[in-house]
Amino acid sequence: PIQTQILSVDPITATTDRDRDDSLPSQQSTQRKKRRRKADSFFLTQSTDEVSSATLIESSTNYSLEEEIVAEKQQSECPFAMTFPRYRVNINSYNKAESEKRRSRRVQRGVIKKLVNNLSAKQRKNVDEDNGKNNEGVKPWGIVSNIVQGVFSDTVDTKSNIISRNSDRVRNSVESIYETEVNEGLFRWSSSAEIMAQASPLADEDFVAAAAFWRMVSDIAEQLLTQSLQGKKWFLALPETTAEVTSNLCEILNWYADLTEDSDSVQIRAQLDSRSTDVPVIQFTANGNTQQQQQHPQLSDSLPSAEDTERQTKAWVTRLLVKLGVCPFTKSPEKSGQGLSDMGVPVANIMYCHSDALSHGSCGVYLLMADAWQAISDMVAAGPAGKAGVSSILLSAPGFDNDFAIWAGPVFAMLEAGVSAIQAEEVIGVVCFHPQYVIPDGKSWPGFGQMHSLPRLKNWYNQYSSSLDDEPAKSLDDNEIAAGGAFQRRTPHAVINVLRAEQLEAAEGRRSTGELYERNIRVLMGREGIGLEKLTEDLRLEQQR
């Protein structure tokens, strides 16, 4: 296995932060130079076999997550910055043939899109010629012809499609192997046709498989509230994906089980079952106790509803992103992507989602993963344009509002590992928001989906504020600069923000990262800025809307 780590992606500029800030004297380390995953990908990865063990928290380490991060936060001189523990999840590498096949399939359907302005002259000419052959034309954000292949098109020769065309025969064959489990309700067959409410030519088998996998895990956790754990085994067949994808999903689940092994919660583990050779079938087992999980229904009843969180999150988007202009590509609480049309990125809907998951016990994390990946799969299937098109997701999980440690740590490590598990770096990016958000202090790796570090923000602010033509900007101390960074990510509730890769890629070339962050910090905390007291009060009022 390889240990894949994805650096944080900025939702405003799509730039990536380094593990440590350039200004730190201790920047020289045993870390290898980062390299791009693909020539046209904005995600950066690195091999970790030479990373100093002092900068890592291994998945097998036994510790209290909350106590450790609270202690680190208390030790920090700045209340809006902290040292983030580092997590790594083992993800198996894909063979080149499978990777190219998956990417080709996604490009053909339009799941992966090349920005028109990034195409070569020859590619752009081909797009124009295709556009002239049909009134429908090619979408300006794609390089494929106007005929987008369906999920199970006979012209796409992939293993998943062959299986789908013979699904009845194959399903009967597989279920005959698991006849006892089928009769006992311990076997589930999950395909796009059964999971998705509406068929879509942009639906992707691997996204659907990830959603089905985590939903199965969540459902098992819920069953364990009322059923005995002794000797239970559950089975999930994923006929439209590969053994490599299912194996990587199992790795993420098992990593979390190892992380929580000494806690008073349920651990669910998974592995490929050897009895099925036609399609990947996953075997799930569980251990632990359910006493802590028994509180789930009562605690869930006290959470804000989906209608509440959508209203509150929209108020935050309107105040911070739209009116204060923190995100230059969001001009309304309903849609985003404005100002990028010349790059071939359409304006599309913001999808507001909600999860009732709780941070107490492992069952909540399982439900959160299920809700998140279902939303992501739906976003991909909806496409980036048109009346139903989706540009980004804001998924609120108020059950995690008081647990930033878990939110910014294991939760986002698992989400980012999930992106790698299905090789989706060219499709989506995931970002972390939270009502208790703090930025990295620059003393360690910043963590998954996090804001730029304090030293970097400080350098940008000092550099660009001194070059202003009008009255010099107010000098800000570290606390004020960190607060200016943190309040760009402080939302009424814990939020998973998912953005499309092409939108991030377009934004990357449209704005100067340093200038944008200097401007945002100045607007929030500068001489004529909002100020800490009002920022805090505004967020509190949004939480009570």
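Our structure is the block above this text.
In this report, the structure presented in the accompanying data block is examined. (Residues numbered from 1 in each chain as written. Predicted model: local features only at pLDDT ≥ 70, side-chain atom pairs only at ≥ 80, totals over all residues. Heavy atoms only, no water.)

Some words on the packing of helix α14 (residues 454-465) against helix α17 (residues 513-525)
Under the convention used in this document: Between the N-to-C directions of two axes lies an angle of 0 to 180 degrees, each axis being a line fitted to C-alpha atoms and, for a helix, fitted only over the stretch in contact. Put simply, DSSP marks the helices as runs of H or I at least four residues long and the strands as runs of E at least two long, and each gets a number from the N terminus on. When an angle is under 35 degrees it counts as roughly parallel; over 145 it counts as roughly antiparallel; between 65 and 115 it counts as roughly perpendicular; any other value is oblique. Contact between two residues is taken to exist if any of their heavy atoms lie within 4.5 Å; hydrogens are not considered. For this scheme, ten residues count as nonpolar: Ala, Val, Leu, Ile, Met, Phe, Trp, Tyr, Cys and Pro. Four count as charged, namely Asp, Glu, Lys and Arg, and the remainder, Gly too, count as polar.
One way to put it is that α14 packs onto α17 with a least axis distance of 8 Å and a crossing angle of 90°. Taken together, the axis directions place α14 and α17 in an arrangement best described as roughly perpendicular. Mapping the contact onto sequence places Leu-457, Trp-460, Tyr-461, Tyr-464 and Ser-465 in α14 and Thr-513, Gly-514, Glu-515, Tyr-517, Glu-518, Ile-521 and Arg-522 in α17. Classifying every residue of the contact of α14 with α17 by side-chain character gives six nonpolar, three polar and three charged.

Points about helix α13 (residues 404-421)
Under the convention used in this document: Helix span, expected: 1.5 Å multiplied by one less than the number of residues in the helix. The bend reported for a residue corresponds to the angle between axes fitted to the seven residues ending at that residue and the seven starting there.
Between its first and last C-alpha atoms α13 spans 24 Å; for 18 residues at 1.5 Å apiece the expected length is 26 Å, and the two agree. Approximately 35° is the largest bend angle found in α13, and it occurs at Phe-412. Two residues or fewer after α13 comes Gln-423, characterised by a positive phi angle close to 50°.

Examining the sheet that holds strand β9 (residues 281-287)
What counts, and what does not: Any two strands between which DSSP finds at least two bridges are classified as paired.
One open sheet accounts for four strands, arranged β6-β7-β9-β8; its pairing is mixed. Looking at which strands have only one partner, the edges of the open sheet turn out to be β6 (187-189) and β8 (267-272). Neighbour to neighbour, the strand axes of the sheet diverge by 20° on average, direction disregarded. In terms of strand pairing, β8 meets β9 through six bridges, oriented antiparallel.

Section: the nonpolar core
This is how the line gets drawn: To form a nonpolar core, buried Ala, Val, Leu, Ile, Met, Phe, Trp, Tyr and Cys residues must be joined to one another through side-chain atoms within 4.5 Å. Exposure classes here rest on a 1.4 Å probe applied to the protein chains alone. A residue is buried below 20% of its type maximum, exposed above 50%, and partly exposed in between.
Among the nonpolar cores identified, the biggest contains 128 residues, and Phe-213, Trp-214, Phe-284 and Trp-373 are the most heavily contacted of them. No other element matches the 13 residues that helix α12 (residues 362-382) contributes to this core. Sequence-distant contacts of Phe-213, that is, excluding residues within four places in its chain, are made with Leu-236, Leu-249, Cys-250, Leu-253, Ala-270, Ile-282 and Phe-284. Within the second largest apolar cluster, nine residues are counted, among which are Val-174, Phe-235, Val-279 and Val-281.

Just distances and angles here, no functional claims.
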